[in-house]
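Chain and residue survey
Chain residues, written in single-letter form:
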Amino acid sequence: MARTKTAFKPTLSDRVFDIGNFTFMTLVMIVTLYPFLNVLAISLNDSVDTVRGGIYLWPREFTLENYVQIFKYDGLITGAKITILRTLAGTFLGLLSGTMLGYVLSRVDFQGRKFMSTFLALTMYFSGGMIPVFILIRDLNMMNSFLVYIIPGMVSAFNVFVIRSFIDSLPYSLQESAKLDGANDFTIYYKIILPLCKPVLATIALFLAVGQWNSWFDTYLYNGNAPHLTTLQFELMKVLQSTQGQTSGMMTGQNMAEIVKQVSPESIKMAITIVVTVPILLVYPFLQRYFVKGMTLGAVKS
């Protein structure tokens, strides 16, 4: 005899919970989206009208002049190219070094595991400071070099520990089975460990990419005299400071005084915020699906 499906009838408490949950999530969404929409509205509003205030969710006098004035600066294109290049290279090499070191530290048969873990942990609490690091970079001949964007931050102790903890949670029987089939350490790392580490790799990749994209202080310290190695954040920082009248002779190749006359500092700040935020927002959806992907389920399927 076939079973008849009984329709689920929500109770009063279920409806109250659903309404409360919907209301709470709606408030969270509003609180989360409002600052970004406000910044976008101000950046698209006429700069003279922005001084009056009262801009909330949409521009009162729509214009693209704020963005036009920013992108008139010649160094912005070079900075964008270098920033994209350092973000791609820094993220890839940071993931490569982090996963390789994390895999080695996860091996119970590695004799230097405890020493290396302690050594890395100490770097999270103690630092030589800015001056010793500057002297080190100078003595390594990395001043006015693209390598200064990649090598100093290629290994992060925090990222290594996160990756090692993730690998430790994987069934060790997978590695043992691969060894019985004749796989060496590199084969296990490339074909067994990395495919199962997609969730943590996506998370670390996002951390590295955001850090590289937002970095500008290393450009100021080490490549300030190399216009061909400038970065997007550094150039936007100079544009912002010029609009605020703090650095009158800092800009070269562009008369920023004319830009200041046409746009207000508030409009420039908001337009800069959108310019530096949107690229990361476009990358995030491609990594989101890996955050919720089960590692054990992936191991069984493979």
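Procedures and definitions
- Residues numbered from 1 in each chain as written.
- Predicted model: local features only at pLDDT ≥ 70, side-chain atom pairs only at ≥ 80, totals over all residues.
- Heavy atoms only, no water.
- UniProt positions renumbered as here; feature names shortened; annotations may be inferred.
- Core = buried A, V, L, I, M, F, W, Y, C linked by side-chain atoms within 4.5 Å.
- Buried < 20%, exposed > 50% of the residue type's maximum accessible area, 1.4 Å probe, protein only.
- Helix = DSSP H or I, 4+ residues; strand = E, 2+ residues; numbered from the N terminus.
- Domains from an automatic or database assignment.
- Phe/Tyr/Trp six-rings, centres within 6.5 Å; stacked < 30°, edge-to-face > 60°.
- Polar contact = N/O pair within 3.5 Å; in protein donor to acceptor, adjacent residues only side chain to side chain.
- Patch = residues over 30% accessible without salt bridge, like charges linked within 9 Å, V, L, I, M, F, W, Y side chains within 5 Å.
- Areas by Shrake-Rupley, 256 points an atom, 1.4 Å probe, with all protein chains shown as cover.
- Salt bridge = Lys/Arg side-chain N within 4 Å of Asp/Glu carboxyl O.
- Contact = heavy atoms within 4.5 Å.

- Looking at an unreviewed UniProt entry, one finds the protein chain named Carbohydrate ABC transporter permease, with Paenibacillus lautus as its source organism.
- In its Sequence similarities (unreviewed entry) section, UniProt records this for the protein chain: "Belongs to the binding-protein-dependent transport system permease family."
- Per UniProt, the protein chain has the following entry under Subcellular location (unreviewed entry): "Cell membrane".

**What about the nonpolar core?**
- Formed by 21 residues in total, the largest nonpolar core has its most connected members in Tyr-67, Ile-70, Leu-76, Leu-236 and Ile-272.
- Put simply, the parts of the chain that give this core at least two residues each are helix H1 (12–43), helix H3 (65–71), helix H12 (232–243) and helix H14 (265–291).
- Examining the composition of this core, we find that 8 residues originate from one element, H14, more than from any other.
- Residue assignment places this core across two domains, with domain 1 (18–62) and domain 2 (67–300) each supplying three or more.

**Focus on the packing of aromatic side chains**
- Taken as a whole and assessed by the stated rule, the structure comprises 8 aromatic pairs.
- Plain terms: the ring middles of Phe-134 and Tyr-222 are 5.9 Å apart, the flat faces sit at 20 degrees to each other, and that makes the pair stacked. Of this pair, Phe-134 sits in helix H6 (residues 130–139) while Tyr-222 sits in helix H11 (residues 217–222), and the two are 88 residues apart along the sequence.
- Of the residues examined, Phe-134 reaches a relative accessible area of 28% and is grouped as partly exposed.
- Within the aromatic cluster, the residues linked to one another by ring pairs are Trp-216, Phe-217, Tyr-220 and Phe-234.

**Points about the side chain of Asn-66**
- Counting through the fold element by element, Asn-66 comes out in helix H3.
- Looking at Asn-66, the relative accessible area reads 1%, which means it is buried.
- At 2.7 Å, the side chain of Asn-66 forms a polar contact with the backbone oxygen of Ser-43.

**Focus: unusual backbone geometry**
- For Asn-141, which is not a glycine, the phi torsion comes out positive at approximately 60 degrees.
- Structurally, the position occupied by Asn-141 is in the loop between H6 and helix H7 (157–168).

**With respect to the UniProt feature "transmembrane region" (unreviewed entry) in the protein chain**
- Taking the numbering used here, the UniProt-annotated feature "transmembrane region" (unreviewed entry) corresponds to residues 21–44, 84–105, 117–137, 149–167, 188–210 and 268–287.
- The annotated region residues 117–137 carries 71% helix and 0% strand content, and the separation between its end C-alpha atoms amounts to 25 Å.
- Counted over residues 149–167, helix gives 58% and strand 0%. Its end C-alpha atoms are 28 Å apart.

**Some remarks on a nonpolar patch on the surface**
- A grouping of Leu-27, Met-29, Ile-30, Leu-33, Tyr-34, Leu-37, Tyr-56, Leu-57 and Trp-58 is seen on the molecular surface, where their side chains present a nonpolar patch of about 940 Å² in accessible area.
- Within the fold, Tyr-34 resides in helix H1.
- By relative accessible area, Tyr-34 is classed as partly exposed at 34%.

**Quick look at the environment of Tyr-56**
- Relative to the elements of secondary structure, Tyr-56 occurs in the loop between helix H2 (47–50) and H3.
- Separated by 17 residues in sequence, Tyr-56 and Val-39 have C-alpha atoms that sit 8.5 Å apart.
- The residues touching Tyr-56, leaving out its near neighbours within four places in the chain, are Tyr-34, Leu-37, Asn-38 and Ala-41.

**Here we look at the environment of Ala-41**
- Topologically, Ala-41 is positioned in helix H1.
- The class for Ala-41 is buried, based on a relative accessible area of 2%.
- With 14 residues separating them in the primary sequence, Ala-41 and Ile-55 have C-alpha atoms 6.9 Å apart.
- The contacts of Ala-41, once residues within four sequence positions are left out, are Ile-55, Tyr-56, Leu-57, Trp-58 and Pro-59.

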